[in-house]
Amino acid sequence: MDKLIYLDHAATTATRPEVVEAMLPYFSEYYGNPSSVYKFSNKGKESIMNARKCIADSLNTEVTNIYFTAGGSEADNWALKATAEAYSSKGKHIITSKIEHHAILHTCEWLEKQGYEISYIDVDENGIIKLDELEKAIRPDTILISIMFANNEIGTIQPIEKIGEIAKAHDVLFHTDAVQAYGQLPIDVEKMHIDMLSASGHKLGGPKGIGFLYIRKGVKIRSFVHGGAQERARRAGTENVPGIVGLGKAVSIAFETMEARAKHEQNLREYTMDRVLAEIPYTRVNGDRTNRLPNNINFSFQFIEGESLLIMLDMAGICGSSGSACTSGSLDPSHVLLAIGLPHEIAHGSLRLTLGEENTKEDMDYVIEQLKQIVERLRSMSPLYEDFIKKSNR
Ligand SMILES: *Cc1c(COP(=O)(O)O)cnc(C)c1O
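These lines cover the structure that appears in this document, whether it is placed above or below. All of these numbers come straight from a predicted model, not from anything done at the bench.

**A look at the packing of aromatic side chains**
Reasoning step 1: Tallied over the full model, the rule gives twelve aromatic pairs.
Reasoning step 2: With centroids separated by 5.5 Å and ring planes inclined at 55°, the aromatic side chains of Tyr26 and Tyr30 adopt a geometry described as tilted.
Reasoning step 3: Judged by its relative accessible area of 11%, Tyr26 falls in the buried class.
Reasoning step 4: Residue Tyr30 is classed as partly exposed on the basis of its relative accessible area of 27%.
Reasoning step 5: Ring geometry for Tyr31 against Phe40: centres 5.1 Å apart, planes inclined by 70°, an arrangement best described as edge-to-face.
Reasoning step 6: For Phe40, a relative accessible area of 38% gives the class partly exposed.
Reasoning step 7: An aromatic cluster of three or more residues is present, and its members are Tyr282, Phe303, Tyr385 and Phe388.
Reasoning step 8: We note Lys92 situated over the ring of Tyr116; from NZ or CZ to the ring centre the distance is 5.0 Å.

In C-alpha cells, the structure reads:
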C-alpha cells in the first residue's frame, strides 16, 4: 500500500484490534436480545452492565447515570432538547459558546426556532471561554449552560471545573460535550460539577455509531427515543450490544494507556509545532499552547488556501483536516477560527493535524518536510504572496 500517515484522529480513530475481538462474539454467538427472559440472553445483559460500570468508574459516577446513545451527536441533541423541554416552566434561556461543535450549535439554532433564547459566549484569542461574560449572561430564566470540554479544531481545554462551580452557584444545569476530551484527559463529574456529559466511541479507539450521555441523578430529562424500557425507559431501542461491548473495551484501554499516550503525543506535538514555526515563515499556531489536547496541532499559513494544502498533503500520503467548513461544501471559514479573532484570509489557510499513539517522530519529520515544500509551492503561485514580497522589498 502507498504511504499513509493518518493525522486526523479528531475526526475518527481506527477501532482497536482488541476492541474488534471483544465485539465479534456478540454478533452471531451471543446474539440474544438483552430484554429477553431466557438464560441465553444473559451474556449480553452482563456485558452491557460491565461496559456501563467501566464508563461510570472512569467518570467517578454510578452506573445508573450512564445512558447509551448512537454517538456524540445524539448525546448532544438529547442533552439540549430534552432539558429544554423538561425545564421550560423555569425558563427558556440557554448559554453556550461560539466555538461548539455543530451538534450543539445546530441544535441551538433549532431550539431558537422553538422559542428558546440562546446566548453564545465569546472566547479569548486562545479559544478559552470568557468566564466573566459567562457569569454575566446567567439570568433567572437560564436553565442550562452547555460548554464543550475541549475543542475539536484548536484543541483548547476549557476551565470546566470553574464553569461547573459557576453553574452550581446559580442553580443552572451544566452540560459538557466531552467527545474530544473523554479518553484523553481525566474527568471527574463530581469534582467538576458536571450534570450531563456527551462522549463518543469512535473518537477513542471504539466503533462508530455508539456513545453515551451521562446524566446526573435528579436531573429532569425526558425520553429521547420513545418505545421499549431500555436505558431506564429514557432511550428506547434494542441495545447495540456489540457496539456497547466495543465502547466498554475501548474506554478501558483508553484510560489504562492515557498517561503514556498523552506524553508521547504531546512530545510529537511540541516537536512539530516548534519546527514548523521555526522553519516555515508567516505561520501561526492556533489555540492555547498549554491548555491544549495532547494530540492537537492547528496552524495557519498566510497566503495560502487550506483546501489546496490538504489536497497536496493527500497526494503525499498525509491525512489532515482544514479545520474549516470548506470540506462540507461551504466556503465559510471555520467558526472557531473566526471566534478567536482570525481574519478570514488567515483562517482560510489553516491546517489541523491530530495525532494518535501510532504516529512517530519519523512520520512527523516527513510531514514537516512535505509541509515546507508544499507551502513554498503554493505561495509561489499566490498573487497575494507576490504582492506582499514586492511591498516588503520596497
Ligand atoms: C465528533 C464530535 C461530535 C460528534 O460525535 P459523533 O459520534 O460523530 O456523532 C460531537 N462533538 C465533538 C466535539 C466531536 O468532536
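**Re helix α7 (residues 160-169)**
Reasoning step 1: Inspection of α7 places Ile160, Ile163, Gly164, Ile166 and Ala167 among the buried residues, and these make up the whole buried set. An end-on view of α7 places all buried positions within 160° of arc, on one side of the element. Structural note: α7 exposes Lys168 and Ala169 on the side pointing more than 90 degrees away from its buried face.
Reasoning step 2: Residues of α7 that are buried make contact with α6 (131-137), β5 (142-146) and β6 (173-177).

**Observations regarding the sheet that holds strand β3 (residues 93-97)**
Reasoning step 1: Strand order in this open sheet of seven strands is β2-β8-β7-β6-β5-β3-β4, and the pairing throughout is mixed. With one partner strand each, in any of the chains shown, β2 (66-69) and β4 (117-121) form the two edges of the open sheet. Averaged over all neighbouring strand pairs, the angle between strand axes comes to 20°, with direction disregarded.
Reasoning step 2: Strand direction decides the pairing type here: β6 and strand β7 (residues 196-200), joined by three bridges, are parallel. Looking at the pairing, Asp177 lines up with Ser198 of β7.

**Remarks on the nonpolar core**
Reasoning step 1: Core analysis: the biggest nonpolar cluster contains 61 residues, and Ile187 and Phe212 have the highest contact counts within it.
Reasoning step 2: In terms of residue count, the dominant contributor to this core is helix α9 (residues 241-256) (eight residues).
Reasoning step 3: Contacts of Phe212, omitting those with residues within four sequence positions, involve Ile55, Leu59, Ile66, Tyr67, Phe68, Thr69, Ala75, Tyr182, Leu197, Ser198, Ala199 and Leu247.
Reasoning step 4: With 27 residues, the next largest nonpolar core counts Leu7, Ile297, Leu309 and Ile374 among its residues.

**Some words on the site of the ligand**
Reasoning step 1: Neighbouring the ligand are 13 residues, the closest being Ser73, Asp177, Gln180, Ser200 and Lys203.
Reasoning step 2: Ser200 is positioned such that a nitrogen or oxygen atom in its side chain is 2.6 Å from an oxygen atom of the ligand.
Reasoning step 3: The side chain of His202 places a nitrogen or oxygen atom 2.8 Å from an oxygen atom of the ligand.
Reasoning step 4: In the complex, the protein chains occlude 88% of the 380 Å² of accessible area that the ligand would expose alone.
Reasoning step 5: Ranked by residue count, the leading element in the shell around the ligand is helix α4 (residues 72-86), at three residues.
Reasoning step 6: Here the shell around the ligand is built from residues that sort into two nonpolar, eight polar and three charged.

Conventions used here
- Residues numbered from 1 in each chain as written.
- Predicted model: local features only at pLDDT ≥ 70, side-chain atom pairs only at ≥ 80, totals over all residues.
- Heavy atoms only, no water.
- Phe/Tyr/Trp six-rings, centres within 6.5 Å; stacked < 30°, edge-to-face > 60°.
- Buried < 20%, exposed > 50% of the residue type's maximum accessible area, 1.4 Å probe, protein only.
- Lys NZ or Arg CZ within 6 Å of the ring centre and 35° of its normal.
- Helix = DSSP H or I, 4+ residues; strand = E, 2+ residues; numbered from the N terminus.
- Arc of directions from axis to C-beta.
- Contact = heavy atoms within 4.5 Å.
- Pairing = 2+ DSSP bridges.
- Axes fitted to C-alpha atoms, helices over the stretch in contact; angles between N-to-C directions.
- Core = buried A, V, L, I, M, F, W, Y, C linked by side-chain atoms within 4.5 Å.
- Near = heavy atom within 4 Å.
- Polar contact = N/O pair within 3.5 Å; in protein donor to acceptor, adjacent residues only side chain to side chain.
- Areas by Shrake-Rupley, 256 points an atom, 1.4 Å probe, with all protein chains shown as cover.
- Nonpolar A, V, L, I, M, F, W, Y, C, P; charged D, E, K, R; others polar.

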